[in-house]
Amino acid sequence: MSRPDSPELDEVGALLFRHPFTQRSYPPTRQTPFFDSVDELQQHGINVQDILKLKSAALNTVSGVSMTPRRQLLKIKGLSEAKVEKIKEAVHKVLGSSFATGVEVQEKRKRVLSISTGSKSVDAILGGEACLSTRINVMPVYGEFRTGKTQMAHTMSVIAQLPPDLGGASGKVAYIDTEGTFRPDRIRSIADRFGVDGTMALENILYARAFNSEHQMELINECSSRFAEDKDFRLLIVDSIMALFRTDYSGRGELSERQQKLAQMLSKLTKLSEEYNIAILLTNQVQSDPGATMTFVAGGALKPIGGHILSHASSTRMFLRKGRAEERVAKLVDSPDRPESEASYKLDEGGWADV
C-alpha cells in the first residue's frame, strides 16, 4: 500500500483516512465498494420519500433491504404492500441472483479483513497471524472478571487502525460501552506500545455509552447509518452484549421477551457485518452452572449468559479464564474450521501480550 507523506486528498479528491501510525495520512486499501447504497433504488423507480423511510428504519444499503422480510418492511410507517413489492423488485434488479459459483465466492472472500488480539499465541489458535476477521462475522468472548475482556476490546481498538502487515485493518472502530469501562488513557498507553499517536488513535474510535437495552439497539441502528456514510470502519465492539439485558429483564416471566429482543439484536449485528464487511467483537459475562460439575463442560462450572440464542448467533466463541499469577488462558470453545485449543496471554501496560 502506497504511503504519501503529505497530501490529504487522493487523485480523485477523496479525503484520506488519517492513520495514527507515524502520524501520516494513508488512503484505504483500494477495493470495490463493499455495499450498494439504498439511494441506488431511485434509479429503479423508487421515490426519494420511500428511500428516506427505509433509512429511518436503519436500512441504508440495498443488501440490508434484501435481508429484511416483507412483514418487517410493512411495519415501516408509510409503506404499503404495493410499495414493499415494488421495493423488493428494485432490490432484485440491483443485486441480481443470490447464487454464485465457488470461484466467485473465493474472490469475494479475498476482501476478508483480519485483526490481531495483540497476542500471537491467541491469534494462532484462531487461525493464523490475526484473530478476529470478517469471515467470523460476530465473535463473543466471555469470562469472569479480571480475565481481560475489556482489555481485549481496548487493545483491538488500537490494532484495528494499524496497517495489515502489523496485524490491523487500516480502519476506524465503533465502540458501544454498556458498563462504563472505556478508558481513553488506556487507549493512549496501548497506542504507545505500537508507536502510534494516542490522540490520533482516539480520533479514529467512535464511542457511545448505552444505558439500557433499547438504547443499545438504537446505537447499533445508528452504526448502520455511520458505516454507510464512512466506509473506513472495520471493527464494531459491544462491551458487553448482555449486561443491560440482565438489569432490564428479570425472572422467568420476562425471559421469553428478553431472548426475543436479544435475537433481534444479534440478527442486526450479523447483518451489519455482512453488509459493510465489518468484524464484530462482543464481550459477555458468565454465570455459575451447577450441572457442569457433574459432567465435562467447556469452561468448567461457568457458562456465558444469553443462552442458546447467543451461542447459535456466532460460529466462533472464546472462553477466558485466570491462570497462574499474571497468566490468563484463552480457550477456543467453538469454531467451524479450528480445533478446540488453548493459549496463554497476559495483560500489561500495552494491553494483551504474549506471556
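Our subject is the structure listed above.
Below you will find a few notes about this structure. (Residues numbered from 1 in each chain as written. Predicted model: local features only at pLDDT ≥ 70, side-chain atom pairs only at ≥ 80, totals over all residues. Heavy atoms only, no water.)

### Regarding the pattern of salt bridges
Filter applied, for reference: One side-chain nitrogen of Lys or Arg within 4 Å of one carboxyl oxygen of Asp or Glu is enough to make a salt bridge. Numbering of helices and strands runs from the N terminus; a helix is a DSSP stretch of H or I covering at least four residues, while a strand is a stretch of E covering at least two. Residue exposure (1.4 Å probe, protein chains only): buried if accessible area is under 20% of the type maximum, exposed if over 50%, otherwise partly exposed.
Within this structure, the stated rule accounts for 9 salt bridges. The residue Lys83 makes a salt bridge to Asp50 at a minimum N-O spacing of 3.4 Å. Of this pair, Lys83 sits in helix H4 (residues 81-95) while Asp50 sits in helix H1 (residues 48-56); the two residues are 33 residues apart in sequence, bridging distant segments of the chain. For Lys83, a relative accessible area of 31% puts it in the partly exposed group. Note that Glu222 is salt-bridged to Arg226, the shortest N-O span being 3.3 Å.

### Details of the packing of helix H7 (residues 149-159) against helix H8 (residues 184-193)
Helix-helix packing: each pair is described by the crossing angle between the helix axes and the interaxial distance. Cut-off, in case you're wondering: Axis lines are fitted through C-alpha atoms, for helices just across the contact stretch, and the angle between N-to-C directions can take any value from 0 to 180 degrees. In this scheme, roughly parallel covers angles under 35 degrees and roughly antiparallel covers those over 145, while 65 to 115 is roughly perpendicular and the rest are oblique. Note on convention: the crossing is left-handed when the near helix lies turned anticlockwise from the far helix by less than a right angle, right-handed when the turn is clockwise. Contacts are assigned to residue pairs with any non-hydrogen atoms lying within 4.5 Å of each other. Under the scheme applied, nonpolar residues are Ala, Val, Leu, Ile, Met, Phe, Trp, Tyr, Cys and Pro; charged residues are Asp, Glu, Lys and Arg; polar residues are all the others, including Gly.
Packing of H7 against H8 leaves a shortest axis separation of 9 Å and a crossing angle of 55°. By the angle between their axes, H7 is oblique relative to H8. Here H7 runs over H8; the crossing is right-handed. The residues of H8 that touch H7, namely those facing Gln151, His154, Thr155, Ser157 and Val158, are Arg186, Ile187, Ile190, Ala191 and Arg193. For the contact of H7 with H8, the residue count by class is 4 nonpolar, 4 polar and 2 charged.

### Structural notes on the pairing of strand E12 (residues 317-322)
Operational definition: For two strands to count as paired, DSSP must find a minimum of two bridges between them.
The pairing of strand E5 (residues 138-143) with E12 spans 3 bridges and is parallel. By the bridge assignment for E12, Tyr142 is matched with Phe319. Bridging between E12 and strand E13 (residues 327-334) involves 6 bridges; their strand directions are antiparallel. Counted as the bridge partner of Arg317 is Asp334 from E13. Hairpin geometry of E12 and E13 is characterised by an intervening segment of 4 residues between the two adjacent antiparallel strands and by a positive phi of about 50° at Ala325.

Any functional reading would require information that these geometric values do not contain.
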